[in-house]
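Residue-level structure breakdown
Each chain, letter by letter, is given below.
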Amino acid sequence: MSNQLAPEEPMTEDSRSRGQFLKLAGGTGAAGALAIFVAACGGSNKKSSSSSSSSSSDKKSSSASNKGDLAIVNYALTLEYIEADFYQQVLKSGMVKTKAYVEVAKTIAQDEMEHVQALTATVQQLGGKPAAKPKTNFDSVLSGGEKKILMTAAAVENLGASAYLGQAGKIKSKDILAAALSIHTVEGRHAAVLNQVIGKSIVPDGAFAKPADMKTVLKAVKPFLAA
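This report concerns the structure included in the present document. (Residues numbered from 1 in each chain as written. Predicted model: local features only at pLDDT ≥ 70, side-chain atom pairs only at ≥ 80, totals over all residues. Heavy atoms only, no water.)

All told, the structure shown has one salt bridge when counted by the stated rule. We note a salt bridge from glutamate 103 to lysine 106, for which the minimum N-O separation is 3.8 Å. Note that glutamate 103 and lysine 106 are positioned in helix H4 (residues 99–125) at a spacing of three residues, about one turn of the helix. Take glutamate 103: its relative accessible area is 40%, and that puts it in the partly exposed class. (Salt bridge = Lys/Arg side-chain N within 4 Å of Asp/Glu carboxyl O. Helix = DSSP H or I, 4+ residues; strand = E, 2+ residues; numbered from the N terminus. Buried < 20%, exposed > 50% of the residue type's maximum accessible area, 1.4 Å probe, protein only.)

Further remarks concern the packing of H4 against helix H6 (residues 145–168). Close contact between H4 and H6 brings their axes to 13 Å; oriented N to C, the two are set at 35 degrees. The crossing of H4 and H6 is left-handed. Along the contact surface, H4 presents Tyr101, Ile108, Glu112 and Leu119, while H6 presents Glu146, Leu150, Glu157 and Tyr164. Each residue belonging to the contact of H4 with H6 can be placed in one class, and the counts come to five nonpolar, no polar and three charged. (Axes fitted to C-alpha atoms, helices over the stretch in contact; angles between N-to-C directions. Left-handed = near helix turned anticlockwise from the far one by under 90°. Contact = heavy atoms within 4.5 Å. Nonpolar A, V, L, I, M, F, W, Y, C, P; charged D, E, K, R; others polar.)

Let us now look at the packing of H6 against helix H8 (residues 214–221). Relative orientation of the contacting elements H6 and H8 amounts to 155 degrees, with a least axis distance of 9 Å. Our classification of the angle between H6 and H8 gives roughly antiparallel. The two elements H6 and H8 cross, and the hand of that crossing is left-handed. Facing Leu159, Ala163 and Gln167 of H6, the residues of H8 in contact are Met214, Val217, Ala220 and Val221. For the contact of H6 with H8, a count of residues per class yields six nonpolar, one polar and no charged. (Parallel < 35°, antiparallel > 145°, perpendicular 65-115°, else oblique.)

If you roll a probe as big as a water molecule over the atoms, it shows you where there is empty space left. Following the criterion strictly, the structure yields four cavities of 30 Å³ or more and no others. Contributing to the lining of the largest cavity are 15 residues, with Ile72, Ala76, Tyr164, Ile171 and Ala180 lying nearest its centre. For the lining of the largest cavity, the secondary-structure elements that each account for two or more residues are helix H3 (52–93), H6 and helix H7 (174–197). With five residues, H3 is the single largest residue contributor to the lining of the largest cavity. Residues that form the lining of the largest cavity fall into these classes: 14 nonpolar, one polar and no charged. (1 Å grid on protein atoms, 1.4 Å probe; cavity = no way out; pocket = protein on both sides within 12 Å on 5 of 7 lines; lining within 4 Å. Points joined across faces, edges and corners; volume = space filled by probe spheres on them.)

So, to be careful, I would describe these as geometric facts and stop short of saying anything about function.
What follows is the structure, encoded as structure tokens:
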């Protein structure tokens, strides 16, 4: 599977049960989804009996870990902004005519919006500033009709799943990692169903998914950003 995102080169996608992420997070809506994320922020605030120097060292280490995790969450938020905006534009355009595909788009659109809400709140809980929402331009995709839209959707979802997998090993907080993987799972399900729709394998990489690094992912989404 190529990591290069192009409307003509889909990656992967699948249908999912819309409440999966929220069930794993232990709640309903963005606030419930946040439960797993924010646990990482206040998880180890209890004072220990260690020396002040040791405590200071621990704080510095924790601060560095939080900073790294914050950058990753904001990166994920940027991707979710793009995905959510894509589906909103697809539904608004009316270019997808097949009823079953419209329902799939609605389901995925709702998921992506919930991901945006949860990630935004997570950044704030980590003490950071949420990434700015990028301006998108999907005109060339929308003008290509239903087939091109579905192929692009598959590419976008597969890229999203690969992006989360690519950052998994860099996340320090176990709670944030668990939450990120729950989103990764949903993105993979989106990808699988869309791949099936466009006649591609639901597992284009075989038994083991391939991760995508940040540089590759950002390059892949660049064509969909407004100049």
